[in-house]
Amino acid sequence: AIEGDRVLREPICCILGHVDAGKTKLLDCIRHTNVQKGEAGGITQQIGATYVPVEYIMERAKPHEGVVIKVPGLLVIDTPGHESFSNMRSRGMSLCDIAVVVVDIMHGLEKQTVESLALLKDRNVRFIVVLNKVDRLCGWKHCPDAPIKKALENQSGDVKKEFQWRLTKVVTQLKENGFNTALYYDNQKFRKVFDIVPTSAISGEGIPDLLLMLVLRSQATMMEKLTFVNTVECTVLEVNDDKDLGTTIDVVLINGVLHKGDQVNVCTKQGPVATIIRDLLTPHPLKELRVKGIYKHHKELKAAQGVKIVARGLKYAIPGTSLIVVKPGDDLGQSEAKSQRN
Ligand code: GTP
Ligand code: NA
Ligand code: MG
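Here's what I pulled together on the structure shown here.

Conventions adopted
Each chain has its residues counted from 1, running along the sequence as written. For naming, the first written chain is A and the first written ligand is 1, with later ones following in the order written. In keeping with the model being predicted, local features are shown solely for residues with a pLDDT of at least 70 and side-chain atom pairs are shown and tallied solely at 80 or more, while totals for entire chains, interfaces and linings include all residues. The side-chain numbers reported here are obtained from all heavy atoms of the structure, hydrogens and water having been left aside. In this description, a donor is an N, O or S atom within 2.8 Å of the metal centre, a cutoff extended to 3.2 Å for sodium, potassium and calcium. Water is not part of the atom list, which can make sites seem incomplete. The secondary structure listing takes helices from DSSP runs of H or I that are at least 4 residues long and strands from runs of E that are at least 2 residues long, numbered from the N terminus. Under the scheme applied here, a residue whose accessible area is under 20% of the maximum for its type counts as buried, over 50% as exposed, and between as partly exposed, the area being computed with a 1.4 Å probe on protein chains only. In this description, contact between two residues means that some pair of their heavy atoms is separated by no more than 4.5 Å. The rule for a residue being near a molecule or strand is that one of its heavy atoms must lie within 4 Å of it. Throughout this description, a polar contact denotes any pair of N or O atoms lying within 3.5 Å of each other; where both atoms belong to protein, one of them has to be capable of donating a hydrogen while the other can accept it, and for residues adjacent in sequence the pair is counted only when both atoms sit in side chains. Amino acids are sorted into nonpolar (Ala, Val, Leu, Ile, Met, Phe, Trp, Tyr, Cys and Pro), charged (Asp, Glu, Lys and Arg) and polar (every other residue, Gly among them).

### Some words on the coordination of the sodium ion (ligand 2)
Alright, step 1. Bound to the sodium ion (ligand 2) on the protein side are D20 (OD) and G42 (O), at distances that span 2.2 to 2.3 Å.
Alright, step 2. The metal-metal distance between the sodium ion (ligand 2) and the magnesium ion (ligand 3) is 4.5 Å. On the criterion of sequence distance, the pair formed by D20 in the loop between β3 (12-17) and α1 (23-31) and G42 in the loop between α1 and β4 (48-53) is long-range, its members being 22 residues apart.
Alright, step 3. Residue class for G42 comes out buried when judged on its relative accessible area of 18%.

### Some details on the side chain of S116
Alright, step 1. Along the chain, the position of S116 falls in helix α4 (residues 111-123).
Alright, step 2. Its relative accessible area of 0% is what places S116 among the buried residues.
Alright, step 3. Once residues lying within four places of it in the same chain are set aside, the contact partners of S116 are L16, G17, R89 and M93.

### Points about the site of ligand 1
Alright, step 1. As a matter of local geometry, ligand 1 sits amid 22 residues, with K23, Q36, T44, D135 and A201 nearest to it.
Alright, step 2. G22 is positioned with one of its backbone polar atoms (N or O) 2.9 Å from an oxygen atom of ligand 1.
Alright, step 3. A distance of 3.3 Å separates an oxygen atom of ligand 1 from a polar atom in the backbone of G42.
Alright, step 4. If one sorts the elements of the shell around ligand 1 by residue count, α1 sits on top with 3 residues.
Alright, step 5. Class assignment of the residues belonging to the shell around ligand 1 gives a composition of 6 nonpolar, 10 polar and 6 charged.

Right under this line is the structure:
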């Protein structure tokens, strides 16, 4: 996407929240996948990444005429909510541009919700609160994939009342944690007041709203951060043993371009390792990187992307560390020439 003389990359969005709030299910609803069903005990134990193209966002979100989408898509990072995985939540948070904090409307704020909120505040990360599982309100009438305002208008007086008091409760809890929040369509001061988007990950109400708000809030508040630069910024998410590919690392390419054949330095438990990228793989758009599937092979990849890197010497790579591209003997002039060729 080009905006004036800027080229924008995809905002990286990290999904956080207490165990079973519905983070993975929400992504399944966006992707039309069934990743959550395949998880052991229904618990996420790995950090994941999914590419959501802008065309797909337009199709699902159906923005009003005149709404301009400037980013080329979203890269969404799923994290585990179980308390023992705070390292992965922290990793997700440290590489994201914007976060989504998923709250189960029937439970309100829970332990890991509060933990995530504190970290987001610490790191000054913008976020959207998703108030999930609205379909569990007593007597909810399903309105599959409807915008939430429309879905709420369709409910009985009792459902509307229950929604209102549960919403008020969550708004109060958020306030107690130091955040002013409002339903996103009532929010006139989004630079100071955080948005709440009610959703159902089962029937899809509010999903169009969430996709659109992620895009609009990102591009309204972080153009500088989302400007593509040709300097590689890349974080290791996971190390995987693949019976076909050998040891691979899943990384998030935050900025810059990676090429097959690039020499890279990776931090490992045995010290820094210099290696060559043998293959650059991505899942197809709307597929989860952490789920083994059919990969696309690339000669080069431009940020932002979730990438599986095949190379030697990755066995002891340390998740959370940066991958650095080394260009031996490459002066600035040459690297500029190279970036123009690409
Ligand atoms: P962890 O990754 O383990 O932290 O959990 P999670 O936040 O990813 O939640 P997950 O997607 O595993 O969903 C937990 C349970 O809640 C599953 O049984 C889902 O089917 C259910 N669930 C998620 N979203 C909704 C929703 O909107 N409505 C209803 N009724 N159930 C939901
Ligand atoms: Na779960
Ligand atoms: Mg999950």
